[in-house]
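Residue-level listing of the chains:
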Amino acid sequence: MIDIFTTDFLLVAIVVLLSLGFTFTNGLQDGSSVTAGLIVCRVLSPVKSVLLVASCELLGAIFGGSAVASTIRSLTSWPEKENFLPVLAAGLTAAISWNYLTKLLRMPSSSTHALLGGFLGALLAGGGDKFVVWGHFDLFHPP
């Protein structure tokens, strides 16, 4: 039997809810921009525009692969034995907050960049720069 009052179960539930919240703000941020272009150009009616964009967003999530998730995973060297859920929760909270702030201020913003920045900030706050994979600096040769 699953004990729903364990810390791990509650953290998983919080991360899932935050993921759904981020998905909502992603659609709010990105989907509305695409829909507005179709409506303003009078290519489609508002209802058809919303249906087309919603369908394409869903199909993109299903068939688009997991490139963003793979990229974010490749940027961290978080130890397997340590709990990564608080870092995920902090990163998602930061991305959601950034999406709402930029929407409130009517600034253009990328939800994917907000997510990446939120995760990098959470990694830095959670363990310092030793858990962030910065890349291969040996590839750069000074002139």
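Here we summarise the structure given alongside this text. In this text, all values refer to a predicted model and were calculated from it rather than measured experimentally.

Reading the values: rules and limits
- Residues numbered from 1 in each chain as written.
- Predicted model: local features only at pLDDT ≥ 70, side-chain atom pairs only at ≥ 80, totals over all residues.
- Heavy atoms only, no water.
- Core = buried A, V, L, I, M, F, W, Y, C linked by side-chain atoms within 4.5 Å.
- Buried < 20%, exposed > 50% of the residue type's maximum accessible area, 1.4 Å probe, protein only.
- Helix = DSSP H or I, 4+ residues; strand = E, 2+ residues; numbered from the N terminus.
- Contact = heavy atoms within 4.5 Å.

1. Looking at the nonpolar core
Move 1: Val15, Leu18, Phe22, Leu92, Ala95, Leu115 and Phe119 are the most contacted members of the largest nonpolar core, which has 13 residues in total.
Move 2: The set of elements that each furnish at least two residues to this core consists of helix H1 (7-40), helix H4 (85-104) and helix H5 (111-127).
Move 3: Among the elements that take part in this core, H4 stands out by supplying five residues, more than any other.
Move 4: Those residues in contact with Leu18, other than ones at most four positions away along the chain, are Ala89, Leu92, Thr93 and Ile96.

2. Some points on unusual backbone geometry
Move 1: The phi dihedral of Arg42 is positive, around 60°, even though this residue is not glycine.
Move 2: Inspection of the secondary structure puts Arg42 in the loop between H1 and helix H2 (46-63).
Move 3: According to the relative accessible area criterion, Arg42 is exposed, its value standing at 75%.
Move 4: One non-glycine residue, Arg106, lies in the positive phi region at around 60°.

3. Regarding the environment of Ser74
Move 1: Structurally, Ser74 can be placed in helix H3 (residues 67-74).
Move 2: Once the C-alpha coordinates of Ser74 and Leu115 are considered, the two residues, 41 residues apart in sequence, prove to be 14 Å apart.

4. Description of the side chain of Thr35
Move 1: Positionally, Thr35 belongs in helix H1.
Move 2: With relative accessibility at 10%, the residue Thr35 sits in the buried group.
Move 3: Every residue in contact with Thr35, bar those within four places of it in the chain, is listed here: Ser49, Val50 and Val53.

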